[in-house]
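# Structural features, examined
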Amino acid sequence: MTNSPTTAANQMWGGRFASGPDAIMTAINASIGFDQRLYAQDIAGSRAHAAMLAATGILTSSDAEAIGEGLLTVLSEIEAGNFTFSTALEDIHMNVESRLKDLIGAPAGRLHTARSRNDQVAVDFRLWVRDQCDAAIQGLNALMKAFLAQAEAGADWVMPGFTHLQTAQPVTWGHHMLAYVEMLARDKSRFEDARKRMNECPLGAAALAGTSFPIDRHMTAKALGFDRPTANSLDSVSDRDFALEFLSASSICAMHLSRFAEELVIWSSAQFRFVKLSDKWTTGSSIMPQKKNPDAAELLRAKLGRILGATVALFTIMKGLALTYSKDMQEDKEQVFDAADTLMLALAAMTGMVGDMTANRDVLATSAASGFSTATDLADWLVRALNLPFREAHHITGTLVALAESKACDLADLSITEMKAVHDGITQEVYSVLGVENSVRSRMSYGGTSPIRVAEQVARWKTQLA
């Protein structure tokens, strides 16, 4: 007799239930609409489990072989798009197992020996998130190389450095680009650290208490590329901190992308003209023919909202759950799936924009000289040359800035007579520190903006990213 979907679901649950679920219960209970993305991890975990059951004598070698081959057939059907997912079968685990039974018959029923869907989904999800960490690390490497190429090309290009979005001091384009390399490197290290912590295998924890069967959890852990099995069965099936770490790292990374996206929006405006974005990453206006909108950057700026929202959602899901598994945890995956997709798209788009953008060197240099950006250099010179206390030098410099502002000129345009009227000790030597090129060249401290220091950092990062 052919089983109806409801009957099939009842058989999966066992003899405890006399009737099938209500249609609405089926709809709210099913996760196959999204957890089918775990098919490859689910099948890999099942094949490792079957091989271990055979090695420990729990399954016959013939049953294990049939299960292994049958699972490969299921995998090929899914990858070819020839697999029909059933909502009545709830999730990816039951869908795969049901199809396996169609293919190989009774041995399929032995696959679930010494495991539960609780440890099964825990290992599937952990494998999937681990893969996403690897993908994020690769994406970050590509983006860091794009920023590094910009830094190397403009190691000595002068631009304004900002605080409060006001001109502060001259810096180099290369130095500004390397700031993002540093941020992204920390992002990469967070994914690397998270991957190390999550690389323990929960398979074999069963429902929550482990199993009485003589399984070999170290064997399955090794087969699936884990460092070791998890050490506590309760913790194994009940926590999703590995997913929260991935989301947290993704949120910080997306925040960094959003910050540079904001700079691109500002820099590409007609008022700044610091950079030109290629046609690949901009759009036009339906009514204003002159417009070239940085839509890709604006969308990237917004992507943090989705990723951070997913992070908050999963924290909220997990915050009140007593040990061990609760059905609430079925709501973990959609958040992580969406955040991972969003992050990878954002990394790829930002890599494209950074690689294509063209800096307007002349505009950067002109802007670097505006807003009295060398005022700090003047104050530092007063300290060095005249041995003045910095606070006094700060006051003298502020007076000279006010004078230059009243005359609508720059500090370098003030005459030596005008400067001496403020402090008699000022000499002609002061003009040597007032040019923006001189300013950036003087910033030789480690981590400073001097082109020499920038070139050193570029060389260091090229070696690390090679």
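The model shown is predicted, which means the values in this text are computed figures rather than measured ones. Along each chain, the written sequence defines residue order, and numbers are assigned to residues from 1. Local features in a predicted model are, by the rule used here, given only for residues with pLDDT of at least 70; side-chain atom pairs are given and counted only at 80 or more, and totals for whole chains, interfaces and linings are based on all residues. Side-chain figures throughout are based on the complete set of non-hydrogen atoms in the structure, without hydrogens or water.

## Digging into the packing of aromatic side chains
Ring geometry is summarised as follows: Phe, Tyr and Trp rings, the Trp one being its six-membered ring, pair when their centres sit within 6.5 Å, and such pairs are stacked at plane angles under 30 degrees, edge-to-face over 60 and tilted between the two. Within the structure shown, the criterion is met by 14 aromatic pairs. Linked through ring pairs, F147, F162, W173, Y180, F260, W267, F272 and F274 together constitute an aromatic cluster. In this structure, R37 packs its charged tip against the face of F337, placed 4.9 Å from the ring centre. Sitting over a ring, as applied to charges here, requires NZ of Lys or CZ of Arg to be within 6 Å of the ring centre and within 35 degrees of the ring normal. Between the NZ or CZ atom of R130 and the centre of the ring of F226, over which it lies, the distance is 4.7 Å.

## Things to note about a nonpolar patch on the surface
The patches reported here contain residues having more than 30% relative accessible area and no salt bridge. Joining distances are 9 Å for like charges and 5 Å for nonpolar side chains (Val, Leu, Ile, Met, Phe, Trp, Tyr). Per-residue and other accessible areas were derived by the Shrake-Rupley procedure at a 1.4 Å probe size, with only the shown protein chains allowed to occlude residues. In what follows, salt bridge is the name for a side-chain nitrogen of Lys or Arg lying within 4 Å of a carboxyl oxygen of Asp or Glu. Taken together, L208, L234 and L323 make up a surface patch of nonpolar side chains, about 270 Å² in accessible area. Secondary structure follows DSSP: runs of H or I at least 4 residues long count as helices, runs of E at least 2 residues long count as strands, and numbering of each begins at the N terminus. On the secondary structure map, L234 appears in helix α10 (residues 233-238).

## Notes on the environment of T397
Relative to the helices and strands, T397 is located in helix α16 (residues 390-406). Residue T397 is classed as buried on the basis of its relative accessible area, which comes to 5%. For the pair T397 and V422, spaced 25 residues apart in the sequence, the C-alpha separation amounts to 9.1 Å. When sequence neighbours within four positions are dropped, the list of residues in contact with T397 reads A375, L378, A379 and L382. For every residue, the accessible area (1.4 Å probe, protein chains only) is compared with the maximum for its type, and the residue is labelled buried under 20%, exposed over 50%, or partly exposed between those bounds. Whether two residues are in contact is decided by their heavy atoms: any pair within 4.5 Å suffices.

## Focus: the state of the cysteines
As used here, a disulfide is simply a covalent bond connecting the sulfur atoms of two cysteines. Disulfides are defined as pairs of cysteine sulfur atoms found within 2.5 Å of each other. Within this structure, the stated rule accounts for zero disulfides. Here C133 is not disulfide-linked; the sulfur of C253 is the nearest cysteine sulfur, at 12 Å. In this structure C133 comes out as buried when scored by relative accessible area, which is 0%.

## Observations regarding the side chain of T220
Within the element layout of this structure, T220 appears in helix α9 (residues 217-223). Given the relative accessible area of 2%, T220 is considered buried. In contact with T220, other than residues within four places in its own chain, are A48, H49, M52 and L203.

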